[in-house]
Amino acid sequence: MAEPDVIVIGAGVVGLSAAIAAVGRGLSVTVLDREGPAAGASAGNAGAFAFTDILPLASPGILRKAPKWLLDPLGPLTVPPAYALKIAPWMFRFWRACQPGRVAHSTAAQTALMDLSKAELEPFLNETGTASMLRKEGNLQVYEGEAEFKASLAGWKAREDHGIEFHHLDAAAMSGIQPGLAARFTHGTFTPGWYSIADPKLYTLALADHFRTIGGKVQRAEVTALRPVDGGVDVLTTDGEIQRAAQVVLSAGAFSHRIARTIGESIPLETERGYNTTLPAGAFDLRTQITFGGHGFVVTRLSTGIRVGGAVELGGLDLPPNFHRSEAMLKKAQGFLPGLKPEGGVQWMGFRPSLPDSLPAIGRAVATPRVVYAFGHGHLGLTQSAGTARIVADLLTGRQPAIDIASFSPQRF
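Worth saying up front: this structure is predicted, and the values here are computed from it rather than measured.

The rules behind these values
Residues numbered from 1 in each chain as written. Predicted model: local features only at pLDDT ≥ 70, side-chain atom pairs only at ≥ 80, totals over all residues. Heavy atoms only, no water. Helix = DSSP H or I, 4+ residues; strand = E, 2+ residues; numbered from the N terminus. Rg over C-alpha atoms; globule rule 2.2 N^0.38 Å. Buried < 20%, exposed > 50% of the residue type's maximum accessible area, 1.4 Å probe, protein only. Areas by Shrake-Rupley, 256 points an atom, 1.4 Å probe, with all protein chains shown as cover. Expected span 1.5 Å × (residues − 1). Contact = heavy atoms within 4.5 Å. Core = buried A, V, L, I, M, F, W, Y, C linked by side-chain atoms within 4.5 Å. 1 Å grid on protein atoms, 1.4 Å probe; cavity = no way out; pocket = protein on both sides within 12 Å on 5 of 7 lines; lining within 4 Å. Points joined across faces, edges and corners; volume = space filled by probe spheres on them. Nonpolar A, V, L, I, M, F, W, Y, C, P; charged D, E, K, R; others polar. Phe/Tyr/Trp six-rings, centres within 6.5 Å; stacked < 30°, edge-to-face > 60°. Lys NZ or Arg CZ within 6 Å of the ring centre and 35° of its normal.

## Considering the overall build of the chain
Consideration 1: Each helix and strand counted, the chain has eleven helices and 21 strands in total.
Consideration 2: Computed over its C-alpha atoms, the radius of gyration of the chain comes to 21 Å, within 12% of the 22 Å expected for a compact globule of 413 residues.
Consideration 3: When the backbone C-alpha atoms are referred to their principal axes, the chain occupies close to 65 × 45 × 40 Å.
Consideration 4: When burial is assessed residue by residue, the chain has 57% of its 413 residues classed as buried.
Consideration 5: As presented, the chain carries roughly 16500 Å² of accessible surface, and 55% of it is formed by carbon and sulfur atoms.

## Considering helix H11 (residues 385–396)
Consideration 1: In a regular helix each residue adds 1.5 Å, so twelve residues correspond to 16 Å; H11 covers 16 Å between its end C-alpha atoms and thus fits that length.
Consideration 2: With eleven of twelve residues buried, H11 is to be regarded as a mostly interior element.
Consideration 3: Inspection of H11 places Ser385, Ala386, Gly387, Thr388, Ala389, Ile391, Val392, Ala393, Asp394, Leu395 and Leu396 among the buried residues, and these make up the whole buried set.
Consideration 4: Buried residues in H11 make contact with strand S1 (6–9), helix H1 (13–24), helix H5 (100–128), strand S14 (247–250), strand S20 (361–364) and strand S21 (371–375).

## Some words on the nonpolar core
Consideration 1: Judged by nonpolar contacts, the single largest core of 52 residues is most densely connected at Val29 and Tyr203.
Consideration 2: Among the elements that take part in this core, H1 stands out by supplying eight residues, more than any other.
Consideration 3: Val29 has contacts with Pro4, Val6, Val8, Ala19, Ala22, Val23, Phe211, Gly216 and Lys217, leaving out every residue within four places of it along the chain.
Consideration 4: The next biggest cluster of nonpolar side chains, apart from the first, holds 27 residues, and it includes Leu140, Leu169, Ile306 and Phe336.

## Digging into empty space enclosed by the protein
Consideration 1: Under the definition given, this model contains three cavities of 30 Å³ or more.
Consideration 2: Put simply, the largest cavity is a space of about 90 Å³.
Consideration 3: Lining the largest cavity are 14 residues, and of these Leu57, Gln110, Ser358, His379 and Leu380 sit closest to its centre.
Consideration 4: By residue class, the composition of the lining of the largest cavity is five nonpolar, seven polar and two charged.
Consideration 5: A volume near 50 Å³ is recorded for the second largest cavity.
Consideration 6: Contributing to the lining of the second largest cavity are Glu137, Gly138, Trp194, Tyr195, Ser196, Thr288, Gln289, Thr300 and Arg301.

## What to know about the packing of aromatic side chains
Consideration 1: Counting across every chain of the model gives 15 aromatic pairs.
Consideration 2: Measuring from centroid to centroid gives 4.9 Å for Phe292 and Phe336, while their planes differ by 40°, and the two rings are tilted. Separated by 44 residues along the polypeptide, Phe292 in strand S16 (residues 289–292) and Phe336 in helix H10 (residues 324–336) bring together distant segments of the chain. As far as burial versus exposure is concerned, Phe292 and Phe336 are alike and both buried.
Consideration 3: The rings of Phe49, Phe51, Tyr195 and Tyr203 are connected pair by pair, giving a single aromatic cluster.
Consideration 4: The ring of Phe255 carries Arg34 above its face, with NZ or CZ at 4.2 Å from the centroid.
Consideration 5: Over the ring of Trp156 we find Arg159, and its NZ or CZ is 4.2 Å from the ring centre.

Structure below.
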């Protein structure tokens, strides 16, 4: 069997998007994944193209909220006691990334990648035959009282400075966009430029189907190591097979750092374990995605149901799921949306790959320029998938990337 020009490790939305972009540049591509397409975070995310979400999780605001949140094991941000010592070095880097100068730098870099991703998205959807899955229904961020609303204004000023459209609303105006909110939500902000996808799992599976139709190959295999060789890279798997390609794209989500370690690179990737419950489609008359920022979760309308989920549990890859977190969010959602029907839900937990400064790792490996990293997008993998694919295709074909990627250097830590 002929060696492919490129092996992409990871069949999530970022990996498959990059693979499709590479085929578009005339390269032969094989995708390897331990479970197959859309098996990880690409299956259960909130389905949002959150182009207005330019502010990093690492910020002074999160430092103010974190102590209160961390005291609540079912709250928006938690670290399980069994994982606290292991994550301490990452948390220190996260704390450093919260300094104002670093936040400004991360915001500017995030904005550039968001702008590129938004520009690339619809051409990419048209190319892959998935344009009918795009929804432009906006996002409504809601606040409990004047104080919470005023605390958000600095973040909206930062978005305004970057040209993002939004509209502050009172309770009456909010009900015109989304009826059925509890009276406790007195203020809101609507961002019309926030898009979503009909269903993230179905979208990712559609990308896999398109990739196959244009000549790509998808193979189920768990990659254990990379090994640079003359003229290429060997990819080792658990079944003992060795595959070789001229170039490799490492886009294995939350497992990427383990593979990068095999070529001598230590990248501080951690796992934002996200939880949700997907209710039947008739559970609520949802007309836009709603963000309950003070509680760390969203409610999203998908073609397959109503998804209630979010929050951040920094708990690594090996601890068992704590589905009490899904239950806690659903219970809150019942209070926030009194008409919500909570019956018939399906719970889910997934691993969102996160770096301390909230920016992904996009760039070449130190050991060999033949390995390109594209991982660590946190909760923005779907959002930034088309833009990341463009950059990866540029790197694979020796072109200058469409934006300056220095801020996304895998070696910045």
